[in-house]
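# Structure assessment
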Amino acid sequence: MLKIGVLGAGHLGKIHLRLLQQSDKYELVGFYDPNQENAEKVSKEFGYKHFSTIATLIHAVDVIDIVTPTLSHYKCAKVAIKSGKHVFIEKPISNTVEEAEEIIALAKEYKVKGQVGHVERFNPAFIATKNMIENPMFIEAHRLAEFNPRGTDVPVVLDLMIHDIDAILSVVKSKVKNISASGVSVISDTPDIANARIEFENGCVANLTASRISMKNMRKSRFFQKDAYISVDFLEKKCEVVKMKDAPEVPGDFDMILQNAEGVKKQIYFSNPDVEQNNAILDELESFADAIINDTEPIVTLEQATEALRVAYQIIDCFKK
């Protein structure tokens with residue numbers, strides 16, 4: 001079992017601590033939180049060992065799980081990597097693309113592995129459909145959330161939309177060609193609702209909307225490709241696939257047939273792929289353990305997370321223009 005320590009015991013940090021305690025692949029050594037009062041409370045309530053400094057925790061483990069505010073990701077990752085420790089970093093990888101690129105360079109120099117917590121890659125509905133998403137040409141993503149003061153220290157693009165940016169970049173095998181976007185600040189100093197249009201070199205277009213001031217929660221993406229439409233509900237963990245094939249010569253009574261203006265007939269098939277329920281956060285953490293033990297590439301690499309951050313900042317730059 002890999003010895004792991006957690007930096008940060010806030011809302012998400014406590015979830016990571018609980019799951020790591022249950023894991024068969026990690027031995028949870030303890031945690032560090034700069035807020036002494038919170039650290040003592042978490043330690044007393046759950047029994048996790050609290051370390052008084054980052055350095056002592058890093059020294060005691062093989063892997064560091066960074067669940068601190070985004071502004072401190074770079075500093076924490078740098079110290080851990082320079083101590084020869086593997087790092088799991090919550091999304092986004094860091095506060096700036098420059099910091100992210102330096103994390104990549106350090107990980108290569110010190111020969112350690114890194115993974116970033118883009119948890120939607122482990123969403124069972126996305127996993128169930130990912131192999132069916134082939135060369136999508138139009139993608140629509142909606143990620144709407146009710147207001148929560150936690151997370152408003154960053155624009156909604158870095159808080160919410162980055163989940164969909166990463167998922168889309170993982171299925172579109174083409175470079176970004178052009179980005180246009182608009183955002184509105186309603187109750188925060190940074191945009192609370194944003195829309196972005198990402199155009200790729202292969203002609204694919206992705207239209208993303210993210211809001212943290214909605215009346216209801218929604219996390220849906222739809223992928224349109226030749227002869228297929230795939231819908232993924234990340235929140236409800238459901239998916240639907242609609243495929244079109246050439247219609248049979250003699251259709252059955254209940255076959256759904258469409259005919260276009262040229263007279264070409266297509267039969268429509270509906271399917272709901274099996275979605276195996278899981279704990280996505282535990283799965284992402286344990287997949288990182290597998291990558292370390294087997295010396296394989298993590299599922300969400302530092303490079304991929306940096307690319308998602310780069311696109312996110314290109315979207316934010318559009319707001320300024």
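Numbering of residues begins from 1 in every chain and follows the order in which that chain's sequence is written. Whole-chain, interface and lining totals are the exception, using all residues; otherwise, since this is a predicted model, local features are given only for residues with pLDDT of at least 70 and side-chain atom pairs are given and counted only at 80 or more. The basis for the side-chain values is all heavy atoms of the structure; hydrogens and waters are excluded.

## Some details on the overall build of the chain
Numbered from the N terminus, helices here are DSSP runs of H or I no shorter than four residues, and strands are runs of E no shorter than two. Secondary structure summary: the chain contains 9 helices and 14 strands in total. Within these notes, the globule rule equals 2.2 Å times the number of residues to the 0.38 power, and the radius of gyration is based on C-alpha atoms. Since a compact globule built from 321 residues should have a radius of gyration of about 20 Å, the 22 Å found for the chain is in line with a globular shape. With the principal axes as the frame, the chain shows a C-alpha extent of 75 × 45 × 40 Å. Per-residue burial over the chain gives 50% buried out of 321 residues. For the chain, the accessible area works out to roughly 16000 Å², and carbon and sulfur atoms hold 50% of it. Note that His is not counted, nor are the chain ends; the positive residues are Lys and Arg, and the negative ones are Asp and Glu. To locate a charge, take NZ of a lysine, CZ of an arginine, CG of an aspartate or CD of a glutamate. For the chain, the separation between the mean place of its 38 positive charges and that of its 46 negative charges on side chains is 2 Å. Burial status follows relative accessibility: with a 1.4 Å probe on protein chains alone, a residue under 20% of its type maximum counts as buried, one over 50% as exposed, and anything between as partly exposed. Where accessible areas are quoted, they stem from the Shrake-Rupley method and a 1.4 Å probe; at the residue level, only the protein chains shown are allowed to cover.

## Regarding the UniProt feature "domain: GFO/IDH/MocA-like oxidoreductase" (unreviewed entry) in the chain
Annotation from UniProt places "domain: GFO/IDH/MocA-like oxidoreductase" (unreviewed entry) at residues 156-216. Secondary structure within residues 156-216 divides into 26% helix and 39% strand; the distance between the first and last C-alpha atoms comes to 16 Å. UniProt positions are given in the numbering used here, feature names are shortened, and annotations may be inferred rather than shown by experiment.

## Quick look at the side chain of Lys266
Residue position: Lys266 is located in strand 14 (residues 265-271). Within polar-contact distance, the side chain of Lys266 engages the side chain of Asp246 at 3.1 Å. Any two residues whose heavy atoms approach within 4.5 Å at even a single point are treated as in contact. Ignoring sequence-local partners within four residues, the contact set of Lys266 consists of Asp227, Met244, Lys245, Asp246, Ala247, Met256, Ile257 and Leu258. N or O atoms closer than or at 3.5 Å make up a polar contact, with two conditions inside protein: a donor-capable atom paired with an acceptor-capable one, and, for residues adjacent in sequence, both atoms drawn from side chains.

## A word on the packing of helix 1 (residues 11-22) against helix 8 (residues 280-294)
Here the axes come from fitting lines to C-alpha atoms, over the contacting stretch only for helices, and the angles between their N-to-C directions go from 0 to 180 degrees. Across the interface, helix 1 lies against helix 8 with an axial gap of 10 Å and an inter-helix angle of 65°. Of the possible angle classes, the one that applies to helix 1 and helix 8 is roughly perpendicular. Considering how the two elements wind past one another, helix 1 and helix 8 form a crossing that is right-handed. Only Ile281, Leu282 and Leu285 of helix 8 make contact with helix 1, whose side of the interface consists of Leu12, Ile15, His16, Leu19 and Leu20. Residues are grouped as follows: Ala, Val, Leu, Ile, Met, Phe, Trp, Tyr, Cys and Pro are nonpolar; Asp, Glu, Lys and Arg are charged; every other residue, Gly included, is polar. The residue makeup of the contact of helix 1 with helix 8, split by class, is 7 nonpolar, 1 polar and no charged. The labels follow the angle: roughly parallel below 35 degrees, roughly antiparallel above 145, roughly perpendicular from 65 to 115, and oblique for the rest. It is the rotation of the near helix from the far one that decides the hand of a crossing: anticlockwise by less than a right angle makes it left-handed, clockwise makes it right-handed.

## A closer look at the sheet that holds strand 1 (residues 2-7)
Two modes of strand pairing occur in sheets, parallel and antiparallel, and in both the strands are linked by backbone hydrogen bonds. By definition, two strands form a pair when at least two bridges between them are found by DSSP. Pairing is parallel in the open sheet, where 5 strands are placed in the order 2-1-3-4-5. The sheet is open, and its two borders are formed by strand 2 (26-32) and strand 5 (114-117), each paired with just one other strand. For this sheet, the mean inter-axis angle between neighbouring strands, taken without regard to orientation, is 20°. Judged from the 4 bridges that link them, strand 4 (residues 86-90) and strand 5 form a sheet pairing that is parallel.

## Quick look at the environment of Leu57
Note on placement: Leu57 falls in helix 3 (residues 54-59). Between the C-alpha atoms of Leu57 and Val29, which are 28 residues apart in sequence, the distance is 8.1 Å. Setting aside its immediate chain neighbours within four residues, Leu57 contacts Gly5, Val6, Leu7, Gly30, Phe31, Tyr32, Phe51 and Ile64.

## Here's the deal with the sheet that holds strand 12 (residues 238-246)
Spatial ordering of the open sheet is given by 7-8-9-6-10-11-12-14-13, a layout of 9 strands whose pairing is mixed. Both outer strands of the open sheet, strand 7 (176-184) and strand 13 (256-259), are each paired with one neighbouring strand and no more. Geometrically, the sheet is characterised by an average inter-axis angle of 15° between neighbouring strands, direction not taken into account. As paired elements, strand 13 and strand 14 share 4 bridges and run antiparallel to each other. Residue pairing for strand 14: Met256 is matched across the bridge by Ile268. In the packing of helix 7 (residues 156-171) onto the sheet, the strands contacted are strand 6 (138-144), strand 7, strand 8 (193-200), strand 9 (205-211) and strand 10 (218-225), and the crossing angle to strand 9 comes to about 155°. Packed on one face of the sheet, helix 9 (residues 302-320) meets strand 7 and strand 8 and runs near 55° to strand 7.

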